[in-house]
Amino acid sequence: MSAVKSYAAVDLGASSGRVMVGRVGPDSLELTEAHRFPNRPVRVPEGLRWDVLGLYAGVLDGLKTAGAVDSVGIDSWAVDYGLLDADGALLGNPVHYRDSRTDRIAEKVWATVPAEELYAATGLQYAPFNTLYQLTAARESAQLAQTRRLLLIPDLLTYWLTGEQGTELTNASTTQLIDPRTRDWAHGVVERLGIDLSLFAPLRQPGDAAGVLRPEVLEETGLAGPVPVTAVGSHDTASAVAAVPADGQRFAYICTGTWSLAGLELDAPVLTEESRAANFTNELGLDGTVRYLRNIMGLWLLQECLRAWDEPDLGALLPAAAKVPALRSVVDAGDAAFLAPGRMPERIAEACRDSGQPVPATPAEITRCILDSLALAHRKAVTDAQLLAGRSVDVVHIVGGGTRNALLCQLTADACGLPVVAGPTEAAALGNVLVQARAHGLVGDLAGMRRLLTRTQPLTRYEPRGGTQRWQAAQARLARG
């Protein structure tokens, strides 16, 4: 038996998907990209939708390119789902979480289960697109009336690959229907809101077997069966946090990409009213852990600006942004006003104008405003998490796409007043691979997975420059509006 095994990690982000191949041995971990494909939402008359068939085609193309693998695992963004009829057929394209159908839906939910009670039961921060609000918005739809099964996005793709249905726990914990203390459905909340739990397939844990590739999939991809599919931390953030190369518990993490997810890894949820007021979420991670974090708008702000500017060279834009005076203008990077696509440079400029700050005009000035604002939001999330959870940290780990942005990493170190360790970039894919490898006995516990990452992955350390007084002042200025 070979000491090195290969695992295909299907990692679907909000703007692109990729199939990565991880080769894992007792003291080795290598990751290569087999196939990358776009994830372009489509606006149709009824709203914003995911092209899930296009994503599935990209997955099949990637598995064909990947070649022989010992297992396949799938992770993706959270909250969204596909609906199946009694024959197991998909009822339309999944609704995109940025669709407007959940506008003002939360108030209807809170009329039945007040926000404080909902948080105490589920520990999930308020976000207008949580699955709970999506289901409430769809309650009277003809589509939901025909539905016999609801599968979250990675579970839907797993079903198409294997014919087996399940609901992976880390992603289920983002629905606002899970009790983070019991790691099971929040039955009391579900019953009061009239949600039919029979729509959901049985819960799976990361590492559970999720079936084998169907004969038709083997034929299309050219793979020789049987090829098992393994449930991983199917929420991409769960996989990314599993791949944080931390030593011990005194660390904060920031998973960067379209979103920034900033917080701590805990052994138990924090369900206090203070935590709810600070809009922290308690999502589930590997090995009984809780991902205690705050959602921040993330590099979506910059991505939308780059799109509006016809995709300029980021390699030239960032040095120009570094020369712009620090903290000249900042915006609230968690403001729902920036959630929808379109006109992002103008909306950022308007926010600065409305708050009486200098209005950034050039791409370099707007980029600096965004990066300063993100670093400021990272600082506040890390600071607040420590206070609310009663845990101090010595280092901040940044993983994901933002690790490529050296200016953002340095500004985050400056803002937090803590060293930042950046890497790995493909954290979600690596976490995906390592859970598969652990299921097959190649690596040990979560600490062992992290030691392997530290030994094998390139990491960059950023030391904080100067004091944090100016960041405190900017934070106070932003709070005053």
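The preceding data block contains the structure.
This text gives an overview of the structure that appears in the document. (Residues numbered from 1 in each chain as written. Predicted model: local features only at pLDDT ≥ 70, side-chain atom pairs only at ≥ 80, totals over all residues. Heavy atoms only, no water.)

1. Observations concerning the overall build of the protein chain
For clarity, the cut-off: By definition, any uninterrupted DSSP run of H or I lasting at least four residues is a helix, any uninterrupted run of E lasting at least two residues is a strand, and each is numbered from the N terminus. Note on definitions: a residue-residue contact is assigned when non-hydrogen atoms from the two residues lie within 4.5 Å. For the area figures, the Shrake-Rupley method with a 1.4 Å probe applies, and any residue is considered shielded solely by the protein chains shown. A positive count includes Lys and Arg, and a negative count includes Asp and Glu. His and the chain ends are not counted in either. Throughout, a charge is located at the NZ atom of Lys, the CZ atom of Arg, the CG atom of Asp or the CD atom of Glu.
Each helix and strand in the protein chain was counted, giving 19 helices and 21 strands. Considered along the principal axes of its C-alpha atoms, the protein chain spans approximately 60 × 55 × 45 Å. Contacts in the protein chain between residues at least 24 apart in sequence constitute 73% of all its contacts with a sequence separation of at least 6. With the model as given, the accessible surface of the protein chain reaches about 18,500 Å², and the carbon-plus-sulfur share is 51%. Positive and negative charge centroids in the protein chain, built from 44 and 54 side chains respectively, lie 5 Å apart.

2. Topic: the nonpolar core
Selection criterion: We define the nonpolar core as a collection of buried residues of types Ala, Val, Leu, Ile, Met, Phe, Trp, Tyr and Cys that are connected through side-chain atoms lying within 4.5 Å of one another. For every residue, the accessible area (1.4 Å probe, protein chains only) is compared with the maximum for its type, and the residue is labelled buried under 20%, exposed over 50%, or partly exposed between those bounds.
Val24, Leu301 and Ile348 are the most contacted members of the largest nonpolar core, which has 167 residues in total. Top element by residues in this core is helix α15 (residues 363-389). It accounts for 12 residues. Once residues lying within four places of it in the same chain are set aside, the contact partners of Leu301 are Ala333, Phe338, Met344, Ile370 and Leu374.

3. Concerning the pattern of salt bridges
Filter applied, for reference: By definition here, a salt bridge exists when the distance from a side-chain nitrogen of Lys or Arg to a carboxyl oxygen of Asp or Glu is within 4 Å.
The final tally for this structure, using the stated rule, is 21 salt bridges. Its salt-bridge partner being Arg455, residue Asp27 comes within 2.6 Å of it at the nearest N-O pair. Residue Asp27 is found in the loop between β2 (16-25) and β3 (28-38), and its partner Arg455 is found in helix α18 (residues 446-456); the two are separated by 428 residues along the sequence. For Glu33, the salt bridge identified is with Arg36, shortest N-O distance 2.8 Å. A single network of salt bridges, built from pairs that share partners, joins Glu33, Arg36, Arg404 and Glu426.

4. Quick word on the packing of aromatic side chains
Applicable threshold: For this analysis, a ring pair means two rings from Phe, Tyr or Trp (six-membered ring only for Trp) whose centres lie within 6.5 Å, classed as stacked if their planes differ by under 30 degrees, edge-to-face if by over 60, and tilted for the remaining angles. Two thresholds decide whether a charge sits over a ring: the Lys NZ or Arg CZ must be within 6 Å of the ring centre and within 35 degrees of the ring normal.
Evaluated as defined, the whole model comprises 10 aromatic pairs. Relative to Trp259, the ring of Phe129 has its centre 5.7 Å away and its plane inclined at 65 degrees; by these criteria the two rings are edge-to-face. Of this pair, Phe129 sits in the loop between α3 (115-122) and α4 (131-137) while Trp259 sits in the loop between β15 (251-256) and β16 (260-266); the two residues are 130 residues apart in sequence, bridging distant segments of the chain. Each of the two residues, Phe129 as well as Trp259, counts as buried. Grouped by ring-pair contacts, the aromatic residues Trp50, Trp77, Tyr97, Phe129 and Trp259 constitute a single cluster. Residue placement shows Arg98 over the ring face of Trp300; its charged tip is 3.6 Å from the ring centre.

None of the figures reported here should be taken as evidence of function without further support.
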